[in-house]
Amino acid sequence: MMLLAIEQGNTNTLFAVHDGGEWIAQWRAATEASRTADEYAVWLNQLLVMKGLRFEALTGCIISSVVPQSIFNLRNLARRYLRIEPLVIGENVDLGIPVRIAKPSEAGADRLVNAVGASLAYPGDLLLIDSGTATTFDIVAADGGFEGGLIAPGINLSLQALHEAAAKLPRIAIQKPEHVIGKGTVEAMQSGVFWGYISLIEGLVARIKAEWGKPMTVVGTGGVASLFEGATDSIDHFDSDLTIRGLLEIWRRNTHLTAE
């Protein structure tokens, strides 16, 4: 088995190859909704060759995307160059978990995949915090069921909004400031965004736990989650592999069902 897993967020797209035993390659590209299947193929082929792999070696493909206009091209990449009909989260895939929200079709593919990936690694009720373009807080019951959650703007969006809406505020990088009280504009912005997000996380975790009424394990993931490590006690584990672990498990569940 040689699986190509594609996880596409609003900012970055991850391509990862699993050989049946472990992940042997991972690459990221900027998400561009207009990128064609042929453009993906040229880029991906070069990276595969660098790892001693070829398109012909790939025997499976699973796609999770929160960018609907890109799914057509990613599906064509699999069909045209891998000669494979891909599994696409939200279309032809059985997740193997209950989705307990009013309209299950509204749940983002990434949030559902994370729920599957987290349930494999952590027992009991879970609260998943995914820090990307948006910051999502998702509740996963002990049986793996997706119970809904919250969506807030991501930390990068806050920085972008400050820069674009206030003429005198510069564009800055995200980093943990040494002090809460900034002595200059850049330090003040960094502190406001960083510690503001820590407070957002701590406040929402406390409110969610109080409303849920049962113990929960809090897991952080996503592109900027590592920035918060060591800055708050509200997150129990930081796990960057939730999504690809979930994609691999969903692919296994569905290929097993197909085989039967």
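Placed above this text is the structure.
All values reported here derive from a predicted model rather than from experimental measurement. (Residues numbered from 1 in each chain as written. Predicted model: local features only at pLDDT ≥ 70, side-chain atom pairs only at ≥ 80, totals over all residues. Heavy atoms only, no water.)

## Some points on helix α5 (residues 185–212)
Note that an α-helix has 3.6 residues per turn; residues three or four places apart therefore point the same way. Heads up, the condition is: Helix and strand assignments come from DSSP, with helices taken as H or I runs of at least 4 residues and strands as E runs of at least 2, each series counted from the N terminus. Multiplying one less than the number of residues by 1.5 Å gives the expected span of a helix. Here's how the labels work: a residue is buried when its accessible area is under 20% of the maximum for its type, exposed when over 50%, partly exposed in between, all with a 1.4 Å probe on protein chains only.
With 28 residues, α5 extends 40 Å from end C-alpha to end C-alpha; this agrees with the ideal 40 Å at 1.5 Å per step. Taken as a whole, α5 has its buried residues at Met-189, Gln-190, Ser-191, Val-193, Phe-194, Tyr-197, Ile-198, Ile-201, Leu-204, Val-205 and Ile-208. Looking one or two residues past α5, Gly-213 carries a phi angle of roughly 80 degrees, positive in sign.

## Brief notes about the pairing of strand β7 (residues 134–140)
Going by this rule: Strand pairing is defined by DSSP finding a minimum of two bridges between the two strands.
In terms of burial, β7 is largely enclosed, as six of its seven residues are buried. Two strands pair when backbone bridges link them, and strand β6 (residues 126–131) and β7 are joined in this way by six bridges, in the antiparallel orientation. Each bridged residue has a counterpart across the sheet, and for Ile-129 the counterpart in β7 is Phe-137. Counting the residues between successive antiparallel strands, the hairpin from β6 to β7 contains two residues. Direction of pairing for β7 relative to strand β8 (residues 146–153): antiparallel, over a ladder of six bridges.

## Quick notes on the environment of Ile-174
Put simply, the rule is: Whether two residues are in contact is decided by their heavy atoms, any of which lying within 4.5 Å being enough.
Locating Ile-174 in the fold gives a position in the loop between α4 (155–165) and α5. If we skip the residues at most four places from it in the chain, Ile-174 touches Ile-155, Asn-156, Leu-159 and Leu-227.

## Description of the pairing of β6
The element β6 is extensively covered by neighbouring structure, given that six of its six residues are classed as buried. The two faces of β6 match: Leu-126, Leu-128 and Asp-130 on one face and Leu-127, Ile-129 and Ser-131 on the other face are all buried. Pairing geometry for β6 and strand β9 (residues 217–221), over five bridges, is parallel. Residue pairing across strands places Ile-129 opposite Gly-220, the latter belonging to β9.

## Focus: unusual backbone geometry
Look at Arg-83: it is not a glycine, yet its phi comes out positive at around 60 degrees. Along the chain, Arg-83 falls in the loop between α2 (68–82) and β5 (87–88).

## Focus: the sheet that holds β9
Rule in force here: In this description, a line fitted to the C-alpha atoms serves as the axis of each element, helices being fitted only across the stretch in contact, and the angle between N-to-C directions of two axes falls anywhere from 0 to 180 degrees.
Reading across the sheet, the five strands line up as β8-β7-β6-β9-β10 and stay open at both edges, with mixed pairing between neighbours. Here the strands that pair on one side only, and so sit at the sheet edges, are β8 and β10 (237–238). Across the sheet, helix α3 (residues 109–121) touches β6, β7, β8 and β9, and the angle it forms with β8 is around 120 degrees. In this fold α5 packs onto β6, β7, β8 and β9, with an angle of close to 20 degrees to the strand it touches most, β7.

Everything listed here is a matter of coordinates, which is why it stays silent on function.
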